[in-house]
Amino acid sequence: MHTQNAPETTSSGTPTLRRAVTTTGLFLFILGDVLGAGVYVLAGKIAGTAGGAVWVPLVVALLLALLTAASYAELATKYPRAGGSSHYATRAFGPFVGFLVGFCMLAAGIVSVGALALGFAGDYLAAFVTLPTVGVVVVFLALLAALNARGISESMGANAVATIIEVGGLVLIVILGIVVIARGDGDLSRLTQLGTAEHSPISAVLAGSVLAFYAYAGFETSANVAEETKDPARSYPRALFGALVVAGLVYAGVGVAASAIVPTDQLASSSAPLLEIVKAAGGIPPVLFSVIALVAVANGALLTGIMSSRLAYGMARDGLLPSALERVLPQRRTPWVAILATTALSLLLALTGTIEVLASTMVLLLLVVFSAVNLAVLVLRRDEVSQRHFRAPVVLPVLGLLSCLLLATRVDAETWRYGLPFLAVGALLAGIAAWRRRTPA
């Protein structure tokens, strides 16, 4: 006889995370993370790199993201554990690579939350009220940590509302594009303009796709809540691929609207490209997009904070980080120590860094993670598990790995100079972790 409400525990007696995430909740989780703050600034940068046809790099980036997503779909359903990428790499390559991948993923998440906290405290908030950046960042991160610690169900509920607002704002941009084109004020010739003074058409698409790939980053965070999903084998692939395709369609529509409505030079020089569309279309108060942008930034930070804390919890459970990070609130069953630790680090980065530096470093760290995950799928094919799971055609992880290496060649030297110390620290800590695990107590 068992008690219905008694929490499940691991073999060591530690309470497991609550399985409360449905397919719809997971779909909205991924969609909300992908349709984050980046889309509100990326359209202009893509136009400056690729030319007027902004939609082309966005579609190419979607195809590249789907390759690596197939690897995540297989591994997350084969090993539904909160450690995500780190857990997969540990199983495939051992503790050294597992720690390095986990460190890169964890660092990318913490860096991203720090950057988003700065973004929240920036110009969009200034449209309503002027407050000290430090104070806003501290309060913002504290509130996110509190919501994260309260429970995955509550966080998913907040994400669902925020995602509807984000998607609604982007759909509005697409509708405005249709209205402007229908009244004859758009320029459809820009939809086929590829290439700049610095890039040939093919080179322009590749360079633009590197920027656009950043817009899809975030889908990988969902692997860290697979353990909290009710039926991972059924829910995860549907939610992952569905969310990416929907995001790609929305991005393509936004790209078409931006290209047709706003002259390329004006779009490329704007730090708020979607606001340029609203101004050109008329009829919608521009301040509305300041509200939508704030919601997008807050939602992105919440979801990335969930990922970071669950990853730290999972790495601790694998023996790669201090065991204190395994501590779970008895009633809420959320990893409260991991939440506090990752939030504190994000705060430190936000108070000492800039949005530009933090964002570019995050991309580099994620490319390392994605490369390892695509390799791990191939290595772990010989590892059989009892439960059913998604299986990707072998060509997809191979192409996913090649796409990551290709994108890495487009990372600029300044980002490498900033990112290499992160990788060096990760390698050093990985060596220590591997040595500790091989040394008898």
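Residues numbered from 1 in each chain as written. Predicted model: local features only at pLDDT ≥ 70, side-chain atom pairs only at ≥ 80, totals over all residues. Heavy atoms only, no water.

As annotated in an unreviewed UniProt entry, the protein carries the name APC family permease and comes from Arsenicicoccus bolidensis.

S.K.: Where do I start with the packing of aromatic side chains in this structure?
M.R.: Within this structure, the stated rule accounts for eight aromatic pairs. With 6.1 Å between their ring centres and 75° between their planes, F213 and F370 make a pair best called edge-to-face. Here F213 is found in helix 9 (residues 201-216), whereas its partner F370 is found in helix 15 (residues 355-379), with 157 residues between them in sequence. Here the two residues F213 and F370 agree in accessibility, since each one is buried. Between F219 and F370 the ring centres are 5.5 Å apart and the planes differ by 25°, which places this aromatic pair in the stacked class. Here F219 is found in the loop between helix 9 and helix 10 (232-261), whereas its partner F370 is found in helix 15, with 151 residues between them in sequence. (Phe/Tyr/Trp six-rings, centres within 6.5 Å; stacked < 30°, edge-to-face > 60°. Helix = DSSP H or I, 4+ residues; strand = E, 2+ residues; numbered from the N terminus. Buried < 20%, exposed > 50% of the residue type's maximum accessible area, 1.4 Å probe, protein only.)

S.K.: Help me understand the environment of G119 in this model?
M.R.: One can find G119 in helix 5 (residues 95-120). Sequence spacing of G119 and V297 is 178 residues, and the spatial spacing of their C-alpha atoms is 7.0 Å. Apart from residues lying up to four places away in sequence, G119 is in contact with V297 and I355. (Contact = heavy atoms within 4.5 Å.)

S.K.: Just to check I follow, could you spell out the pattern of salt bridges for this structure?
M.R.: Where side chains of opposite charge bring their charged atoms close, a pairing between them can arise. Considering all chains together, one arrives at four salt bridges under this definition. The residue R381 makes a salt bridge to E74 at a minimum N-O spacing of 2.8 Å. Of this pair, R381 sits in the loop between helix 15 and helix 16 (395-408) while E74 sits in helix 3 (residues 55-78), and the two are 307 residues apart along the sequence. An identical accessibility class is assigned to R381 and E74; each is buried. Note that R190 and D187 form a salt bridge whose closest N and O atoms lie 3.3 Å from each other. (Salt bridge = Lys/Arg side-chain N within 4 Å of Asp/Glu carboxyl O.)

S.K.: What should I look at first to understand helix 3 in this one?
M.R.: Residues three or four positions apart in an α-helix share a direction because the helix packs 3.6 residues into each turn. Between its first and last C-alpha, helix 3 extends 35 Å over 24 residues, near the 34 Å set by a 1.5 Å rise per residue. Here helix 3 lies mainly inside the structure; 19 of its 24 residues are buried. (Expected span 1.5 Å × (residues − 1).)

S.K.: Quick question: what am I supposed to make of the environment of A359 here?
M.R.: Considering the arrangement of structural elements, one finds A359 in helix 15. Residue classification places A359 among the buried residues on the basis of a relative accessible area of 19%. When the C-alpha atoms of A359 and W55 are compared, they prove to be 22 Å apart, with 304 residues separating the residues in sequence.

S.K.: Help me out: how do you make sense of the nonpolar core in this one?
M.R.: Within soluble globular proteins, side chains that are nonpolar generally end up buried alongside one another. Counting residues in hydrophobic clusters, the biggest one holds 129 residues, and the most contacted among them are I30, Y72, Y216, F219 and L240. Of all the elements, helix 5 adds the most residues to this core, at 17 residues. Setting aside anything within four residues of it in sequence, one finds I30 in contact with F219, S222, A239, L240 and A243. (Core = buried A, V, L, I, M, F, W, Y, C linked by side-chain atoms within 4.5 Å.)

S.K.: Explanation requested: a nonpolar patch on the surface in the structure shown.
M.R.: Taken together, V394, V395, V398, L399, L402 and L405 make up a surface patch of nonpolar side chains, about 490 Å² in accessible area. Here L399 shows up in helix 16. (Patch = residues over 30% accessible without salt bridge, like charges linked within 9 Å, V, L, I, M, F, W, Y side chains within 5 Å. Areas by Shrake-Rupley, 256 points an atom, 1.4 Å probe, with all protein chains shown as cover.)

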